[in-house]
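Commentary on secondary and tertiary structure
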Amino acid sequence: MPAQFDAARTSRDDPASDRVGTGGALVLRTRVLDADDVRRALIRIAHEVVERNHGPDDVVLVGLYTRGPAIARRLAGAIEQFEGVAVPVGALDVAFYRDDIGLRRIQPLGPTQIPVDITGKVVVLVDDVLYTGRTARSALDALTELGRPRAVQFAVLVDRGHRELPIRADFVGKNLPTAESEDVRVQLSEIDGGVDGIELWGPDTGMPGSDARSGGSGGSGR
Amino acid sequence: MKHLLSIDDLGRDGIEEMLSLAENFVEVTRRDIPKVPALRGKTVVSLFYEDSTRTRLSFETAAKRLSADTMSFTVASSSVKKGESLRDTVQTIEAMGVDAMVVRHSSAGAPHRVASWTDASVVNAGDGRHEHPTQALLDLLTLRTHRGPALDGLHVGIVGDVRHSRVAHSDVKAFHALGADITLVGPPTLMPESLEGWPARVVYDLDDVIGNLDVVYLLRIQLERQSEALFPSLREYTARYALTAARAKRLRPDALVMAPGPINRGVEIAAEVADGPASVITEQVANGVAVRMAVLWSLLGSGGSIV
């Protein structure tokens, strides 16, 4: 199973990821969520989104590249199943709003596509991993130029802690305390191929799993 | 990539990456607020030693939509009139602190020289008869929106004054890099002296190929060259090489009509054809801003992701 996780498409190499890894080979620590866990977490988040907003009517789901749009589509699919309403789904690229332009390589990851006017709506931003919060901050700036939502909420599959900005998620699939030296690898079938899953990778200490939870003294989710 | 001086700086992969990037900026330019903060704090100066409206305005619009500061330099209102050399001008402007120089000059190779004198990034906005790489990129972007990313086997006819045209030079390289077949059309006096280095064939009669073209690209007849007697008269040129309404009827139904502008209505293209359904000339202008945003972002913001 771990062999399915191709290093070339992990979050550390993802141009949207907030930090670059510490270098050196990482080894699999834990398989945090399997495909069924991911499915259940997304169905729960879908219910929470509808419950929080007293129905799906004003909700617009906006995914942040690379994996956010796919997660947003899955949430919309779930909401349609139990509410019978097709919630609009958009995709947002935040490259031009990042605060580290000029500090490292940055390219847009896909076209921004918001199918409806978001002014007056409740926009739920959707991403796979919440880490430093810098991508979310960029997303708030990007949204501002597209309209004035009544409210903006944030849904993530994994919150791994280590925030550098006053940002938190409203809906969380899994709170996962991590060390900064570790790497959370998300695999979604429609983006990455294979089966869904979330894994925690870390430096090879010679003692597999021995320090998977150490060093994470910074925030551990909400 | 530090500079964009020639289409050769990109190659096929670089061209395709730049076009994909430009598609992101097309989306930005269609927004109610068509502006992103990507190049805040950067300064782009346009250094134009030759008349131009669309190219200079297009670059300046692109820079502003990326939130860069812009400065503009045109020869008519500058110290060049007082005898300042190109090199001194470049060094003076550099001392003010600029991140990119967009250079147009009547001498081929001038942008290359500028690049050797400055730490700023240099973009060639047209140098003599040599190259005009951003024009080629915007032409390709326009083609791509109609024909998809692969141009393999697409038959492009470039009509007119190929010999004196930097647009033709860059376009032939760029279209060829993406797999198009190119036919140059015009009187022998307006064809290159030698076809060496031109991956194209030459036809002297537009009517021989007009029905086979997927794209008709009409170069501007440079009226200022008329004194060189390269063709007998404008009327004769129009009769043989213009895309008249009658010739346009022989185009394939899905053929596209392109021109780099400014166009001479009634000379190389009939007014009703320029404004007709096959014409994508105004799309080319709109795409020019997006392409130049992509180029400036690649040079100044992306951290060198392309090439």
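Described in the following lines is the structure provided in the data block. Source: prediction; values computed, not measured. (Residues numbered from 1 in each chain as written. Chains lettered and ligands numbered in written order. Predicted model: local features only at pLDDT ≥ 70, side-chain atom pairs only at ≥ 80, totals over all residues. Heavy atoms only, no water.)

1. Quick notes on the overall build of chain B
Which entries qualify depends on this criterion: In this description a helix means any DSSP run of H or I spanning at least four residues, a strand means any run of E spanning at least two, and both kinds are numbered starting from the N terminus. The globule rule is 2.2 Å times the number of residues to the power 0.38, and the radius of gyration it is compared with is taken over C-alpha atoms. Accessible area is worked out with a 1.4 Å probe on protein chains only. A residue is then buried under 20% of its type maximum, exposed over 50%, and partly exposed in between.
Counting secondary structure elements, chain B contains 11 helices and nine strands. Expected size for 307 residues packed as a compact globule is a radius of gyration near 19 Å; at 19 Å, chain B falls within 12% of this value. Here the C-alpha coordinates of chain B stretch approximately 55 × 45 × 35 Å along the principal axes. Looking at chain B as a whole, 58% of its 307 residues qualify as buried.

2. Quick notes on the layout of surface pockets
This is how the line gets drawn: Throughout, the protein atoms alone are placed on a 1 Å grid, and a set of points is a cavity if a 1.4 Å probe fits but cannot get out or a pocket if it is open with protein on both sides within 12 Å along at least five of seven lines; lining residues have an atom within 4 Å of a point. Grid points are joined across faces, edges and corners, and a volume is the space filled by probe spheres set on the points. In this classification, the charged set is Asp, Glu, Lys and Arg, the nonpolar set is Ala, Val, Leu, Ile, Met, Phe, Trp, Tyr, Cys and Pro, and all remaining amino acids, among them Gly, are polar. Each domain's extent was defined by an automatic or database domain assignment.
Empty space within the largest pocket amounts to approximately 650 Å³. What lines the largest pocket is a set of 25 residues, and nearest its centre among them are Glu50(B), Arg104(B), Arg166(B), Arg220(B) and Gln222(B). Going through the elements one at a time, helix 2 (54–65) and helix 6 (166–177) of chain B are the ones with two or more residues in the lining of the largest pocket. Considering only residue class, the lining of the largest pocket consists of four nonpolar, 11 polar and 10 charged. If you count residues domain by domain, the lining of the largest pocket takes at least three from each of domain 1 (7–131 + 288–300) and domain 2 (133–284) of chain B. The calculated volume of the second largest pocket comes to roughly 510 Å³. In terms of lining residues, the second largest pocket is bounded by 22 residues, among which Thr112(A), Val26(B), Glu27(B), Arg30(B) and Arg31(B) are the most central. Of all elements in the fold, only helix 1 (11–29), helix 5 (133–147) and helix 11 (281–300) of chain B reach the threshold of two or more residues within the lining of the second largest pocket. Across the lining of the second largest pocket, the residue classes break down as eight nonpolar, six polar and eight charged. Structurally, the lining of the second largest pocket is a two-domain feature, drawing no fewer than three residues from each of domain 1 (7–131 + 288–300) and domain 2 (133–284) of chain B.

3. Notes on the sheet that holds strand 1 (residues 26–33) of chain A
All names here are of chain A. As a reminder of what qualifies: In this description, strands pair whenever DSSP reports at least two bridges between them. Axis geometry follows a simple rule: fit a line to the C-alpha atoms, using only the stretch in contact for helices, then measure angles between N-to-C directions, giving values from 0 to 180 degrees. Only heavy atoms matter for contacts: two residues are in contact if any of them lie within 4.5 Å across the pair.
In space, the three strands of this open sheet follow the order 1-8-7, with antiparallel pairing throughout. Across the chains shown, the open sheet's two edge strands, defined by having one partner strand only, are strand 1 and strand 7 (183–187). Sheet twist, expressed as the average angle between the axes of neighbouring strands with direction ignored, equals 30°. Two elements, strand 1 and strand 8 (residues 197–203), share six bridges in a ladder whose sense is antiparallel. The partner of Val27 across the bridge, within strand 8, is Gly202. Contacts between helix 1 (residues 35–52) and the sheet are confined to strand 1 and strand 8, with strand 1 contributing the most and set at about 50° to the helix.

By themselves, these observations are geometric and do not establish any function.
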